[in-house]
Amino acid sequence: MSSSVGGGRDRSADGGSSSAKGGGGGSDAGSTSFQTGPDVSPEQEFFLYELETSDSGSIGLVLRAIYDGGDVHKFLRALENKIRHYDKDIEKVCSFHYQGFIEAIRELLQLKTRCQVLRDDTECIDQHLEESSRSLLSKSAEIVRYRKLQRNICTAIDSLSLCLPVLEKYGKLEEQMQQKRYYPALKTLEQLEHTYLPQVNKYRFTQKLTESVGKIRERIKEASFSEFTDFLENIRKVAANIGKIALRQTAEFHDLDSAASQNARKAKYAAQLRSPQRTIKLGDDGALSGDERARPKKTSVASAGEENDFSAQDMIDFSPVYRCCHIFTVLGAKDTFDAYYRKQRREQAAIILRAPDKLATSQALDLYVGYFHEVIGFFVVEDHIMQTAPGLVTRSYRDELWELALLHVTRTLNSHFGNCLEPHVMLQIKKLILLFALTMKGYGFTITSFYKLLQNFRDQYNEILMAECCASFDRILADDNYTPITVKDEAAFRHVLDRFPISKRGLEQEPFPRKFPFSEFVPTLYDQSKTYVRGCLKFMEHLALSQSEIDDTVRRYANVLLERLSGSLRGYVAQKRLALVQLVQITINVGYLEKSCESLEQYISKLTSEGEGGGSTGHLVRLKEDVFRVRLLLFCISLLPCFNAKLIMAFW
């Protein structure tokens, strides 16, 4: 209300000044005069004047005075009259100064009416458009929603595309763990940890996977270690079978046979025993593979019928060792695994090399066989691992174990083999020791100490064999009838000649019955001497001795035998009361035995030079031909003083 009053006052003032300027005939009083109505009191007129002339600070006082007087309605009527009065003045001023303004206002009012109509039409059209576009807006909202959904789906697809390989790898890892394929599982785990998980580390589930990686790695380590300990237990059980096959193959390789079959056997044995170096690879399943011809699938223990087709290495599956070695290498614990493997194998070697308690019994040969089987099997396994996994078993480590084994085996043989008193048992054990040494030589081990050991046992064997020969000689002396041998037909004659070489002129032209000058004692003793020579030579076979050394050794032992036989003959003559005819026959027998020394020497040369093509060589040791004659002559002279010494000398 005060604004209206102020506005009216301003407009009247401006109008009055404009009137005065434009027309020049009007006064200021006329332009601002206000004719009060009959119902306007002087007080209200004063209030209107105060409102028009006072500043804005006194408006509140004026209004308060109006409200205190209680004539608010009268004041409002006076104010409206004042406003109408000023409106008329404004119209006059506008009409005077601005021609057509009123008409413009009227037209503007008419335009207002038209605008209202236009506005109503517009509202109607807007309402119609709103109703028409409501379904469109709904579809648009759905489109927006689906666009957001599509964007979310694309984001989810991208996220799943990153996560799915991780989950697939983890599923593959669990499957490999269930199938006990630990080395491929470890490779998958390494890929998962270093390649896949860093791509999705912003997702919460990867935290759980990351936590499980360490646990799975420990499971792989424990499981592969468990497989390795099972392998160590199995190899301890299978070592004897491995050694058995290797020992049998060595026996077949060194057996005497036709040249063709022997060469074929040697070629087959060499291919099985020392297979060529090959590149060993570990497949995805942890199995061993290489660049060689496919071999039969390995099992824990081969059946008896398949052993001939298997090499010693095919008796055991070595893949747990390779898997565990590779796993510990990937885990950075290769040194720990190597140390544990060598410690366990040393302990197993100590158990295997411990000699059985019953080696001195009648079952000693079987115990020796089992003992050597286990030792051979142990070192065949070590040699195979050295060839296929050089970092696990080095040559120095293998040779160190072999030196330890040599010490134990030689000590065992010295303590038990030296107590054996049966030549045939000693020959069997010697053959077993030799096969053991040759088998180990085939795998690259040094066996010089075994040759020295067998050469030391050679004297013991010959002493036992010589004692048996002397005992047999005593029985021959006791059983002889001391009469010349008489044969009645050609077959018997040839039989005696085959047993004892004799060259007597005219003997073959004599009619039957023919009579030899010596008794049965001579060919029997000659056969016994040849048996002894063959026994000596049999023990010295394959002892890395030269042919001349073997020949001289056999001759030396033969001389010792002849001396012992001469002593036995002297003792027999001394103990028995013999007639002159018996002494004469003994003298004749001794003469032929002396002549047979040359044949015996030729027999020795023939036996010892077969390996050299039958050629003769010079020897330092010769057979003593007069060993019987001198001793027996001196003894007979001292024993028979009653006989004519000249008669006795005549027989010599």
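The structure displayed is predicted, hence computed values, not measured ones. (Residues numbered from 1 in each chain as written. Predicted model: local features only at pLDDT ≥ 70, side-chain atom pairs only at ≥ 80, totals over all residues. Heavy atoms only, no water.)

A.B. asks: Before we go on, may I ask you to explain the overall build of the protein in this structure?
C.D. replies: The helix and strand inventory of the protein stands at 21 helices and four strands. Across the 652 residues in the protein, those meeting the buried criterion constitute 39%. Counted over contacts in the protein with a minimum sequence separation of 6, partners at least 24 positions apart contribute 75%. As presented, the protein carries roughly 36900 Å² of accessible surface, and 53% of it is formed by carbon and sulfur atoms. (Helix = DSSP H or I, 4+ residues; strand = E, 2+ residues; numbered from the N terminus. Buried < 20%, exposed > 50% of the residue type's maximum accessible area, 1.4 Å probe, protein only. Contact = heavy atoms within 4.5 Å. Areas by Shrake-Rupley, 256 points an atom, 1.4 Å probe, with all protein chains shown as cover.)

A.B. asks: What should I look at first to understand the packing of helix H12 (residues 364-388) against helix H13 (residues 395-416) in this one?
C.D. replies: Relative orientation and spacing of two packed helices are given, respectively, by the angle between their axes and the distance between those axes. For the pair H12 and H13, interaxial distance at closest approach is 11 Å and the crossing angle is 170 degrees. One element, H12, and the other, H13, form an angle in the roughly antiparallel class. Contacts between H12 and H13 pair Tyr368, Tyr371, Phe372, Phe378, Phe379, Glu382, Asp383, Met386 and Gln387 from the former with Arg395, Tyr397, Arg398, Leu401, Trp402, Ala405, His408, Val409, Thr412, Leu413 and His416 from the latter. Looking at the contact of H12 with H13, its residues break down into twelve nonpolar, four polar and four charged. (Axes fitted to C-alpha atoms, helices over the stretch in contact; angles between N-to-C directions. Parallel < 35°, antiparallel > 145°, perpendicular 65-115°, else oblique. Nonpolar A, V, L, I, M, F, W, Y, C, P; charged D, E, K, R; others polar.)

A.B. asks: Help me understand the UniProt feature "transmembrane region" (unreviewed entry) in the protein, please; the structure alone is not making it clear to me.
C.D. replies: Mapped onto the present numbering, the UniProt feature "transmembrane region" (unreviewed entry) falls on residues 432-454 and 632-651. Its end C-alpha atoms 11 Å apart, residues 432-454 is made of 78% helix and 0% strand. (UniProt positions renumbered as here; feature names shortened; annotations may be inferred.)

A.B. asks: Any chance you could explain the environment of Gln455 here in plain terms?
C.D. replies: If you trace the backbone, Gln455 turns up in helix H15 (residues 448-479). Overall, Gln455 belongs to the partly exposed group, its relative accessible area being 23%. With 84 residues separating them along the chain, Gln455 and Phe539 place their C-alpha atoms 9.1 Å apart. Contacts of Gln455, omitting those with residues within four sequence positions, involve Leu543 and Leu545.

A.B. asks: Which parts of the structure should I look at to understand the confidence of the model for the protein?
C.D. replies: Detailed reading of the predicted model is not advised wherever pLDDT is low. Here the protein shows a mean pLDDT of 75. Residues at 70 or above account for 76%. For the protein, the element scoring lowest by mean pLDDT is helix H1 (residues 2-22), at 39; helix H11 (residues 334-352) scores highest, at 89. Within the model, pLDDT remains below 50 along residues 256-266, and this stretch shows eight contacts once partners closer than five positions in the same chain are excluded. (pLDDT = per-residue confidence, 0-100.)

A.B. asks: Explain the nonpolar core to me, please; I cannot follow it from the model alone.
C.D. replies: The nonpolar side chains of a soluble globular protein tend to be buried, and buried together. Of all hydrophobic cores here, the largest spans 116 residues; its most connected members are Trp402 and Phe450. It is H15 that contributes the most residues to this core, 14 residues altogether. Excluding its chain neighbours within four sequence positions, the residues that come into contact with Phe450 are Trp402, Leu406, Val409, Leu413, Ile433, Phe436 and Ala437. Counting residues in each nonpolar core, the second largest holds 19 residues, with Val166, Tyr183, Leu209 and Ile220 among its members. (Core = buried A, V, L, I, M, F, W, Y, C linked by side-chain atoms within 4.5 Å.)

A.B. asks: Explain the pattern of salt bridges here, please?
C.D. replies: Summed over the entire model, instances satisfying the criterion amount to 19 salt bridges. We note a salt bridge from Glu193 to Arg217, for which the minimum N-O separation is 2.4 Å. Separated by 24 residues along the polypeptide, Glu193 in helix H7 (residues 182-196) and Arg217 in helix H8 (residues 205-253) bring together distant segments of the chain. In this structure Glu193 comes out as partly exposed when scored by relative accessible area, which is 28%. Judged by its relative accessible area of 18%, Arg217 falls in the buried class. For Arg398, the salt bridge goes to Asp383, with nearest N and O atoms at 2.8 Å. With Arg398 in helix H13 and Asp383 in helix H12, this residue pair connects regions lying 15 residues apart in the sequence. The class for Arg398 is buried, based on a relative accessible area of 1%. For Asp383, a relative accessible area of 2% corresponds to the buried category. Among the charged side chains, a salt-bridge network with shared partners connects Glu190, Glu193 and Arg217. (Salt bridge = Lys/Arg side-chain N within 4 Å of Asp/Glu carboxyl O.)

A.B. asks: Would you mind going over the state of the cysteines with me for this structure?
C.D. replies: Here, the word disulfide means a covalent bond between the sulfur atoms of two cysteines. All chains considered together, the criterion is met by zero disulfides. Free of any disulfide, Cys470 has its nearest neighbouring cysteine sulfur in Cys469, separated by 7.0 Å. In this structure Cys470 comes out as buried when scored by relative accessible area, which is 11%. (Disulfide = S-S within 2.5 Å.)

A.B. asks: What exactly am I supposed to notice about the packing of H8 against H12 here?
C.D. replies: Running from amino to carboxyl end, H8 crosses H12 at an angle of 100 degrees, the nearest separation of the two axes being 6 Å. Between H8 and H12, the angle falls in the class roughly perpendicular. Each of Ile235, Arg236, Ala239, Ala240, Ile242, Gly243, Lys244, Ala246 and Leu247 in H8 lies in contact with H12, whose residues at this interface are His373, Glu374, Ile376, Gly377, Phe378, Val380 and Val381. Broken down by class, the residue content of the contact of H8 with H12 amounts to ten nonpolar, three polar and three charged.

A.B. asks: Would you mind showing me how to read the packing of aromatic side chains here?
C.D. replies: The description of an aromatic ring pair rests on the distance of the ring centres and on the angle between the ring planes. One pass over the structure, following the stated rule, counts 27 aromatic pairs. For the pair Phe225 and Phe228, a centre-to-centre distance of 6.3 Å together with 45 degrees between the ring planes defines the contact as tilted. Highlighted residues: Phe225 and Phe228, both in helix H8, separated by three residues, approximately one helical turn. We classify Phe228 as buried; its relative accessible area is 0%. Here Phe378 and Phe379 contribute two aromatic rings whose centre-to-centre distance is 5.1 Å and whose plane-to-plane angle is 80 degrees, an arrangement assigned as edge-to-face. The residues Phe378 and Phe379 share a single accessibility class, namely buried. Site record: aromatic cluster; members linked through ring pairs are Tyr368, Tyr371, Phe372, Phe378, Phe379, Trp402, Phe436, Phe445 and Phe450. For Arg145, the ring lying beneath its charged end belongs to Tyr146, and the centroid distance is 4.6 Å. Here the basic side chain of Arg556 rests over the ring of Tyr557, its NZ or CZ set 5.9 Å away from the ring centre. (Phe/Tyr/Trp six-rings, centres within 6.5 Å; stacked < 30°, edge-to-face > 60°. Lys NZ or Arg CZ within 6 Å of the ring centre and 35° of its normal.)

A.B. asks: What is the right way to read a nonpolar patch on the surface from this model?
C.D. replies: Together, Tyr98, Phe101, Ile105, Leu108, Leu109 and Leu111 make up an exposed nonpolar region whose accessible area comes to about 580 Å². Looking at where Ile105 falls in the secondary structure, it is placed in helix H6 (residues 101-178). Since its relative accessible area comes to 32%, Ile105 is described here as partly exposed. (Patch = residues over 30% accessible without salt bridge, like charges linked within 9 Å, V, L, I, M, F, W, Y side chains within 5 Å.)

A.B. asks: It is not clear to me how the environment of Tyr340 should be interpreted in this structure. Could you clarify?
C.D. replies: Examined against the element boundaries, Tyr340 turns out to sit in helix H11. Once residues within four sequence positions are removed from consideration, Tyr340 is found in contact with Phe225, Phe228, Thr229 and Leu232.

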